Amino acid sequence: MARSRTEIRKFDHLDIALKEDVGFHLSNWLDDAHLIHRALPELDLEEIDLGAEFLGHRIRAPILIESMTGGTGRASKLNEILAKAAEKFGIPLGLGSQRAALESPRLARTFKVAREAAPSIPIFANIGVPQIIGEDGPEIAGSVVDMVGADALCIHLNALQEAIQPEGEPRFSRGLEAIAAIAKSLRVPVIAKETGCGISGEVAKALERAGVACIDIGGAGGTSWSAVECHRAKRMGLRKRERIGLAFWDWGIPTGASLLEASNSTGLPLISSGGLRDGLDVAKSIALGASLGGFARKLLLAANMGQRRLEEALEILLDELRIAMFLTGCRDVGELRRAPVVLSGRLLEWARLRGIDPQKYSMRR
Ligand SMILES: Cc1cc2nc3c(=O)[nH]c(=O)nc-3n(C[C@H](O)[C@H](O)[C@H](O)COP(=O)(O)O)c2cc1C
């Protein structure tokens, strides 16, 4: 059967993300956020409770497997592995953009496989802004949610990728209006999600006004979509596109800075993602205002090595988070949200220049 252009592109993205160097050269800036070691935690490691509430669901740990795959045979297998692990660990799972399945309904099974493997955890459907602009936006949103029995819809904001991609659709006029229309009519909550360039305070505020229930900041510091498109352009022999991809490789608001921006501009639940490396990055993110820490490529690489390797990676993440909570004397996620954090270097400078008081984090007791 002939493959659609979207299907071929999805295959390329997955292949490049698995084989090539697609990381930012810059870090996520969470190195400049310091939790304060407590030599006397006054609790036992085994007492720590990682459980959390998220969008009305009880989850066993504040960790999200970020939206990545679907739309190809290989993606279907990966979705099954990711979903089985999410179900086992009681954590939410995002699916990749379902655009391919809207264009070719036979591809819907590459997404549905996740719900079959994970009947009880929150699953997030996914679609991009260019696909929902226009009168049929709410209908499209409803159909991707129904396709997988989703508990929320992620609308991804990927302006950089659309601008760099040879066949991209950099059409974002009236994007906010389209998001608002969906947030108003959809039966499940809407999560607005960047894909590696971060969300500023101004955009976070606008999204809150538009009625989204949550923001995934998707900051800079991990997977660079400019890098992915740069590799793709190289494979296609498109030298001009390759050059542009190189120029924007490190574009975006670093994850630590985006988290400060968004958490100081809205009261919405936030997901911290974009280059999170370990459970310690999740702990820092929560202390800076996030509800969850999200991981994409790191878990994809593990899943590509099989179910056992992915589960091992998740066990390590949970242990790291638990130990960070122990060493800061935080019994549960609520206490971690109030733990003191000292900002240094670039993050401190960013906070000051953007009117955010760093002492509101460092002087907590
Ligand atoms: C192979 C791959 C495919 C992705 N596809 C999507 C997608 O379809 N929709 C989306 O919202 N984000 C997508 N993302 C972006 C991730 O959800 C995440 O925002 C980004 O990769 C940053 O996280 P990381 O640094 O942990 O990889 C994808 C990421 C990867 C690695």
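Here goes a summary of the coordinates provided.

Cut-offs used in this document
- For every chain, the first residue of the written sequence is number 1, and numbering continues from 1 along that sequence.
- The model is predicted, so local features are restricted to residues of pLDDT at least 70 and side-chain atom pairs to those at 80 or more, both for listing and for counting; the totals for chains, interfaces and linings are taken over all residues.
- Think of the side-chain values as coming from all heavy atoms in the structure, minus any hydrogens and water.
- Each helix is a run of DSSP H or I of at least 4 residues and each strand a run of E of at least 2, with the numbering of both proceeding from the N terminus.
- This radius of gyration counts C-alpha atoms alone. The globule rule is 2.2 Å times how many residues there are, raised to the power 0.38.
- Type-normalised accessible area, obtained with a 1.4 Å probe on protein chains alone, sets the label of each residue: buried when under 20%, exposed when over 50%, and partly exposed for intermediate values.
- Between two residues, a contact is recorded if the distance between any of their heavy atoms is within 4.5 Å.
- Only four residue types enter the charge count: Lys and Arg as positive, Asp and Glu as negative, with His and the chain ends excluded.
- The location of each charge is read from NZ of Lys, CZ of Arg, CG of Asp or CD of Glu.
- Strand pairing is assigned whenever DSSP identifies at least 2 bridges connecting the two strands.
- Residue proximity to a molecule or strand is established when one non-hydrogen atom of the residue lies within 4 Å of it.
- Two N or O atoms count as a polar contact when they lie within 3.5 Å, although within protein this holds only if one can serve as hydrogen donor and the other as acceptor, and sequence-adjacent residues are included solely when both atoms are side-chain atoms.
- Areas reported as accessible are Shrake-Rupley estimates using a 1.4 Å probe. Residue values count occlusion only from the protein chains shown.
- A 1.4 Å probe that fits into a set of points on a 1 Å grid over the protein atoms alone but cannot get out defines a cavity; an open set with protein on both sides within 12 Å along at least five of seven lines defines a pocket, and lining residues are those with an atom within 4 Å of a point.
- A cavity or pocket is said to hold a molecule if more than half of that molecule's atoms lie within 2 Å of its grid points.
- Grid points are joined across faces, edges and corners, and a volume is the space filled by probe spheres set on the points.
- Gly counts as polar in this scheme, as do all residues outside two lists: the nonpolar Ala, Val, Leu, Ile, Met, Phe, Trp, Tyr, Cys and Pro, and the charged Asp, Glu, Lys and Arg.
- We define a nonpolar core as any set of buried Ala, Val, Leu, Ile, Met, Phe, Trp, Tyr and Cys residues linked to one another through side-chain atoms lying within 4.5 Å.
- Each axis is a line fitted through C-alpha atoms, and for a helix only the stretch in contact is used; angles between axes span 0 to 180 degrees, taken between their N-to-C directions.
- Each angle receives one of four descriptions, namely roughly parallel if under 35 degrees, roughly antiparallel if over 145, roughly perpendicular if within 65 to 115, and oblique otherwise.

### Some remarks on the overall build of the chain
Looking only at helices and strands, the chain has 18 helices and 12 strands in total. Taken against the 2.2 N^0.38 rule, which gives 21 Å for 365 residues, the C-alpha radius of gyration of the chain at 19 Å falls within 12% of a compact globule. Viewed in the frame of its principal axes, the chain has a C-alpha envelope of about 65 × 40 × 40 Å. With 365 residues in all, the chain has 59% of them scored as buried. Here the analysis covers contacts within the chain between residues at least 6 apart in sequence; of these, 78% occur between residues at least 24 apart. Side chains of the chain give 47 positive and 46 negative charges; the mean places of these two sets differ by 4 Å.

### Remarks on the pairing of strand β6 (residues 123-128)
Of all 6 residues making up β6, 6 are buried, and the element is well covered by its neighbours. Relative to β6, strand β5 (residues 93-94) runs parallel, the two being bridged by 2 bridges. Residue pairing for β6: L93 is matched across the bridge by I123. Pairing of β6 with strand β7 (residues 152-157), which is carried by 5 bridges, proceeds in the parallel orientation. In the strand pairing of β7, I127 is matched with I155.

### Points about the site of the ligand
Lining the immediate surroundings of the ligand are 21 residues, of which S67, S97, K193, T223 and G275 lie closest. One nitrogen or oxygen atom from the main chain of G275 is found 2.8 Å from an oxygen atom belonging to the ligand. Considering the ligand on its own, with 610 Å² of exposed area, one finds that the protein chains cover 96% of that surface. Cavity membership is defined here by more than half of the atoms lying within 2 Å of grid points; on that basis the ligand lies in the largest pocket. Contributions of two or more residues to the shell around the ligand are made by α1 (5-19), β8 (190-194) and α14 (297-304).

### Some thoughts on empty space enclosed by the protein
What the rule picks out here adds up to 1 cavity of 30 Å³ or more. Lining of the largest cavity is provided by F24, N158, A159, L160, Q161, T195, G196, C197, S224 and W225. In terms of residue count, the dominant contributor to the lining of the largest cavity is helix α7 (residues 159-164) (3 residues). Within the lining of the largest cavity, the residues separate by chemical class into 5 nonpolar, 5 polar and no charged.

### Regarding the layout of surface pockets
A water-sized probe rolled over the atoms picks out the places where empty space is left. Here the largest pocket defines a volume of roughly 890 Å³. S67, M68, T223, W225 and A296 are, among the 47 residues lining the largest pocket, the residues nearest its centre. The greatest single-element share of the lining of the largest pocket, amounting to 6 residues, is contributed by α1. A class-by-class count of the residues in the lining of the largest pocket yields 12 nonpolar, 25 polar and 10 charged. Estimated volume of the second largest pocket: approximately 370 Å³. Every residue lining the second largest pocket is counted, 20 residues in all, and those nearest its centre are L157, A159, F172, E194 and V203. Where the lining of the second largest pocket is concerned, the elements lending two or more residues are α7, α8 (175-185) and α9 (201-209).

### Quick look at the environment of L107
By secondary structure assignment, the location of L107 is in the loop between α3 (99-103) and α4 (109-117). The spacing of L107 and P166 is 59 residues in sequence and 23 Å in space, taken between C-alpha atoms.

### Some details on the pairing of β8
A regular strand places its side chains on the two faces of the sheet in alternate fashion. The buried fraction of β8 is high, at 5 of 5 residues. Neither face of β8 is exposed, since V190, A192 and E194 on one face and I191 and K193 on the opposite face are all buried. Relative to β8, β7 is paired through 5 bridges, and the arrangement is parallel. Paired with H156 across the bridge in β8 is K193. Where β8 meets strand β9 (residues 214-216), 3 bridges bridge the pair, whose relative direction is parallel. Bridging from a neighbouring strand, I191 pairs with C214 of β9.

### Some remarks on the nonpolar core
Core analysis: the biggest nonpolar cluster contains 101 residues, and L93, L153 and L343 have the highest contact counts within it. Counting 11 residues, the second largest nonpolar core, distinct from the first, contains A52, I191, I271 and L292.

### With respect to the packing of α1 against helix α2 (residues 73-89)
It is the contact of α1 with α2, at a shortest axis distance of 9 Å, that shows an interaxial angle of 60°. Relative to α2, the element α1 is oriented oblique. Contacts from F11, L14, D15 and L18 of α1 reach α2 at R74, A75 and L78.

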